[in-house]
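Take a look at the letters that make up each chain.
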Amino acid sequence: MTAAPAVAAGVTFVWLGMVLAISFLEAPLKFRAPGVDLRVGLGIGRLVFRALNGAEAVLAAVLVTAILAGGLPPGSVIAAAVAVTILVVQVGVVRPRLTRRSDHILAGGQAPRSTSHYAYVALEAAKVAVLLTAGVLLLAT
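The present account deals with the structure reproduced in this document. Each chain has its residues counted from 1, running along the sequence as written. Reporting in this predicted model follows two pLDDT cut-offs: at least 70 for local features of residues, and 80 or more for side-chain atom pairs to be given and counted; totals over whole chains, interfaces and linings ignore these cut-offs and use all residues. The basis for the side-chain values is all heavy atoms of the structure; hydrogens and waters are excluded.

Some thoughts on the packing of helix α1 (residues 3–30) against helix α2 (residues 38–69)
Relative orientation and spacing of two packed helices are given, respectively, by the angle between their axes and the distance between those axes. To get an axis, fit a line to the C-alpha atoms, keeping to the stretch in contact for a helix; angles then go from 0 to 180 degrees between the N-to-C directions. Labels follow the DSSP assignment, with helices taken as runs of H or I lasting at least four residues and strands as runs of E lasting at least two, numbered in each case from the N terminus. Running from amino to carboxyl end, α1 crosses α2 at an angle of 165 degrees, the nearest separation of the two axes being 9 Å. Viewed along their axes, α1 and α2 adopt a mutual orientation that is roughly antiparallel. Viewed along their axes, α1 and α2 form a crossing whose handedness is left-handed. Note on residue classes: Ala, Val, Leu, Ile, Met, Phe, Trp, Tyr, Cys and Pro are nonpolar, Asp, Glu, Lys and Arg are charged, and everything else, Gly too, is polar. By residue class, the composition of the contact of α1 with α2 is 21 nonpolar, four polar and three charged. Angular relationships are summarised with four words: roughly parallel below 35 degrees, roughly antiparallel beyond 145, roughly perpendicular across 65 to 115, and oblique for the angles in between. Note on convention: the crossing is left-handed when the near helix lies turned anticlockwise from the far helix by less than a right angle, right-handed when the turn is clockwise.

Observations regarding the packing of aromatic side chains
Note on ring pairs: Phe, Tyr and Trp rings are taken, using the six-membered ring of Trp, and paired if centres are within 6.5 Å. Classes follow the plane angle, with under 30 degrees stacked, over 60 edge-to-face and the rest tilted. Inspection of every chain in the model, using the stated rule, returns one aromatic pair. On the numbers, 5.8 Å between centres and 85 degrees between planes, the contact of Phe49 with Tyr120 is edge-to-face. Residue Phe49 is located in helix α2, and its partner Tyr120 is located in helix α4 (residues 115–139); the two are separated by 71 residues in the primary sequence. The burial state of Phe49 is the same as that of Tyr120; both residues are buried. Burial here depends on accessible area, computed with a 1.4 Å probe over protein chains only, as a share of the maximum for the residue type. Under 20% is buried, over 50% is exposed, and the range in between is partly exposed.

Taken by themselves, the reported measurements are silent on function.
What follows is the structure, given as structure tokens:
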């Protein structure tokens, strides 16, 4: 395995692990902790997901650089491109909607669960699938 596929595989699995740990472990569990109500949970979630998305952006940039360096299997390039696209949609389209809702709640308002939250979770699940696919294809290089 040359450098670009090795870096791409490492970055892909780190990214995958971060998404699994934060989105599917930390996020739901924080609301079960004693004393954590919706407002506190939203405040924590905003900080955590801002940090996660920032780290994801760095990992995506490294992954794109590895792709541009060449030598990656076509299937892994497609899967990685889908993961990067999902991240862009999450940060550019879905998160602003979630931020508006959480701003309203943090200001003392009430709001029902939003469909944007479900969209974000669905995109996270899709991102997990394509990152896993990309990583496996890269390991097979």
